[in-house]
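# Topology and contacts: notes
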Amino acid sequence: MKTVLFLIFLITAATTITVAQSRTRDVLFPHFAEDKAKLEAKENIGDHSIPKQQGRSTKESIFTSYKPQTASPKARLLGAQSRKQSSTTPSDMSAQAALEKQKAKTSPAPSLTLPTQGEEPKADSKATSGQLKKH
């Protein structure tokens, strides 16, 4: 019996609180219902598209001399044609043909003498093993 009475008390208290809040709202904001209706009408009619950007873009704001890169239609066309006309790739050729082509492209490097830090002069072929040629 105590639980039933406690439950009825809670329900009554919650109902009383909500009624008091709505009355307080109506006293503080007498045109609340009208304002809410206007806002809902604006939301239903309003333009939901993405707003157009005004002013400068983010990149222009961050970088002082920002100029977006634009390729002319000619440059795009030339780039596409050069990709179409490119020679065959090594994967299209046989391994032997690709190796020959690579060998033909590379030329043997000239022999280089490494710099030294001033070695002692080497013995002349005419000099004996223990003697060095005097300058």
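All residue numbers here refer to positions counted from 1 along the written sequence of the relevant chain. Per-residue local features are limited, in this predicted model, to residues with pLDDT of at least 70; the limit for side-chain atom pairs, both in listing and counting, is 80 or more; totals at the level of whole chains, interfaces and linings are taken over all residues. No hydrogens and no water enter the side-chain calculation; it runs on all heavy atoms of the structure.

As a further point, take the overall build of the protein chain. Going along the chain from the N terminus, every DSSP run of H or I of four or more residues is numbered as a helix, and every run of E of two or more is numbered as a strand. Assigned secondary structure in the protein chain consists of five helices and zero strands. Residue burial is assigned from relative accessible area. The probe radius is 1.4 Å, only protein chains are included, and a residue is buried under 20% of its type maximum, exposed over 50%, and partly exposed in between. Relative to its 135 residues, the protein chain shows a buried fraction of 1%.

It is worth spelling out the pattern of salt bridges at this point. A side-chain nitrogen of Lys or Arg and a carboxyl oxygen of Asp or Glu constitute a salt bridge if their distance falls within 4 Å. All chains considered together, the criterion is met by one salt bridge. Between Arg25 and Asp26 there is a salt bridge whose closest N-O contact spans 3.5 Å.

Bringing a nonpolar patch on the surface into the picture now. Taken together, the side chains of Met1, Val4, Leu5 and Ile8 make up a nonpolar region of the molecular surface, amounting to roughly 450 Å² of accessible area. Within the secondary structure, Val4 is located in helix α1 (residues 2-28). Residue class for Val4 comes out partly exposed when judged on its relative accessible area of 44%. Patch criteria: residues need more than 30% relative accessible area and no salt bridge. Like-charged residues are merged within 9 Å; nonpolar side chains of Val, Leu, Ile, Met, Phe, Trp and Tyr are merged within 5 Å. Residue burial considers only the protein chains on display, and all accessible areas are found by Shrake-Rupley using a 1.4 Å probe.

Close inspection of predicted coordinates is inappropriate for parts of the model with low pLDDT. On average, residues of the protein chain carry a pLDDT of 77, and 70% of them reach 70 or more. Confidence of the prediction at every residue is given by pLDDT, a number between 0 and 100. Summarising per-element confidence for the protein chain, the mean pLDDT is lowest in helix α4 (residues 73-84) (66) and highest in α1 (90).

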